[in-house]
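For reference, the chains in residue letters:
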Amino acid sequence: MRILHTVEQYSPSVGGMQEVVKQLSEKLVDLGHDVTIATSYHSNRNFNNLNGVKIKSFKISGNVVLGYESETNEIKRYQDFLCNSNFDIITNFAAQQWATDLMLEILDKIKTKKIFIPTGFSGLYHPRYKEYFKKIDKWMKQYDLNIFLSNNYRDINFAREQKVKKIIVIPNGASADEFLNTEFIDIRVELNIPKNNFLILNVGSHTGTKGHKEAVSIFSKANIKNSTLLIIGNYFNKSNNFHPTFKNKIKTIIKKLIYPTIGCLNFCQTASTHFNNLSNNKKIGKKLIIVSKSRLETINAYKQADLFLFPSNIECSPLVLFEAMASKIPFLTTDVGNSKEIIKWSNGGMLLPTIKDKKNYSHAQINESADLLNKLYNNKALRERLAQNGFNAWQKKFTWEKITKNYEEQYKKLIKNL
């Protein structure tokens, strides 16, 4: 099959959506298919083929609501590419971004089999996107298939309310290639974490919504000794996402994206210095470390941690929970995205006490969450049971190798119906 995956950002850009599309695309190539990515220009991308996956870059940014910014004729070049390329399947990953929104305008002109993967509809309750979501159900009905990551989340529930019929659920996962065949790097030695220290891990970019502040607060309140909270977060670099010539409207978009990032970075850096300078924390052996790490180092951190703490504010289907399962460590997570469903599927973690605000953002209740962290810290048998449960479930159902075959099966079914 000749397959096109469209996604807002792709390698070397790093993030959950990028990782999902990278895993699926590369493993479809391994299965013998021809896969192309249509994505944003990246100033550090000096290749147009990565591990067998072809990459087609476009100097476009924004979305239909915030407005687009592009170099001359780039939007037309992208839409012509969609209409005229001879693909068997085109799959759009995520709404509310240019690579999908520009295709929605021309769905009726594209004769190729089309698949939409909404990945959460993060703007569903935002007033700015009211008109967008009045139209999207009509667009979804024009797709040959809509794939959801959860059986009970805002995007699939919206689709059902709007009588969208062509629906299937395929969950996220984690790669067996990565997590079972990891080159060893001693993260504890690298970061000066004592060998017997209780290591709590959080992985999430500095977007302002990954719960870094809550994680630090929970860790601070928890009555645990000789422990380290390690937050691995990628730093935002606007040159990774926008072409240097972009001006005017893009400045507004950059501000919307970068201000939460700067706020999160400033908080994390200040919190780390303050936390580690407190004499009581030094006395009981508590340490806070905030770093940016490579993918290989991050996987090693997962595998060497004792617990994964994820008090995120908004998600669709958190990839990091599957990665914790693959690393054989238990997890604590807010009731965010379909985390409750992932716990039901795996019995590999526990829910932090969570409240939701008017925008449906999740917030961990700090004192109660610290109590739950204390419980797991003091109950090694429970941690080991959760870890083994999660690992067993991951091996059985949630490896990217198995999930990719589910995608392949759906792609083949659509092509047979031509």
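Coordinates for the structure precede this section.
A short tour of the structure in this document, coming up. Throughout this description, residue numbers start from 1 for each chain and increase along the sequence as written. With the structure being a predicted model, the display of local features is reserved for residues of pLDDT at least 70 and the display and counting of side-chain atom pairs for 80 or more, all residues being used for whole-chain, interface and lining totals. As a rule here, side-chain values cover all heavy atoms of the structure and leave hydrogens and water aside.

## Comments concerning the overall build of the protein
Counting from the N terminus, the helices are DSSP H or I runs at least four residues long and the strands are E runs at least two residues long. Secondary structure summary: the protein contains 16 helices and 18 strands in total. In this description the radius of gyration comes from C-alpha coordinates, and the expected globular size is given by 2.2 Å times residues to the power 0.38. Relative to the globule expectation of 22 Å for 418 residues, the C-alpha radius of gyration of the protein, 21 Å, shows essentially globular dimensions. Projected onto the principal axes, the alpha-carbon positions of the protein cover approximately 65 × 45 × 40 Å. A contact between two residues is defined here by any heavy atoms of the two lying within 4.5 Å. Restricting to contacts in the protein with at least 6 residues of sequence separation, those with at least 24 account for 68%. In this tally, Asp and Glu contribute negative charge and Lys and Arg positive charge; neither His nor the terminal groups of the chain are included. Taken as the charge location is NZ of Lys, CZ of Arg, CG of Asp or CD of Glu. Taking the 60 positively charged and 37 negatively charged side chains of the protein as two groups, their mean positions are separated by 4 Å.

## Here we look at the pattern of salt bridges
Here a salt bridge means any side-chain nitrogen of Lys or Arg lying within 4 Å of a carboxyl oxygen belonging to Asp or Glu. What the rule picks out here adds up to 19 salt bridges. Across the pair R295 and E19 runs a salt bridge whose closest N-O atoms are separated by 3.5 Å. Linking R295 in helix α11 (residues 295-304) with E19 in helix α1 (residues 16-30), this pair joins segments that are 276 residues apart in sequence. E74 is paired through a salt bridge with R77; the nearest N and O atoms lie 2.6 Å apart. Of this pair, E74 and R77 both sit in helix α2 (residues 74-84), 3 residues apart, which is roughly one turn of the helix. Residue burial is assigned from relative accessible area. The probe radius is 1.4 Å, only protein chains are included, and a residue is buried under 20% of its type maximum, exposed over 50%, and partly exposed in between. Note on E74: relative accessible area 9%, which makes it buried.

## Quick look at the pairing of strand β14 (residues 307-310)
Taking every second residue as pointing to the same face, both faces of β14 are buried, with L307 and L309 on one and F308 and F310 on the other. As defined by bridge partners, strand β11 (residues 198-203) adjoins β14 across 2 bridges and the pair is classed as parallel. When the sheet's bridge partners are listed, I200 is paired in β14 with L307. Note on pairing: two strands pair once DSSP finds at least 2 bridges between them. Bridge count for β14 against strand β15 (residues 331-333) is 3 bridges, and the pairing is parallel. If you follow L309 over to β15, its bridge partner there is L332. Viewed along the sheet, the connection from β14 through helix α12 (residues 319-326) into β15 turns out right-handed. By convention a crossover is right-handed if, when the strands point away from the viewer, the path from the first strand over the helix to the second runs clockwise.

## Description of α12
Counting buried positions over the 8 residues of α12 gives 8, a clear majority of the element. The first or second residue beyond α12 is K328, which carries a positive phi of 60°.

## Focus on the sheet that holds strand β13 (residues 286-291)
With respect to topology, 6 strands assemble into an open sheet ordered β13-β12-β11-β14-β15-β16, the strand pairing being parallel. Because the sheet does not close on itself, it has two edges, and the strands there are β13 and β16 (349-351). Taking each pair of neighbouring strands and ignoring which way they run, the sheet shows an average axis angle of 20°. Sheet topology note: the β11/strand β12 (residues 227-232) ladder contains 6 bridges and is parallel. Directly across from V203, in β12, lies its bridge partner I232. To get an axis, a line is fitted to the C-alpha atoms, and for a helix only the part in contact is used. The angle between two axes follows their N-to-C directions and goes from 0 to 180 degrees. Contacting β11, β12, β13 and β14, helix α8 (residues 212-221) runs over the sheet at an angle of about 180° to β12.

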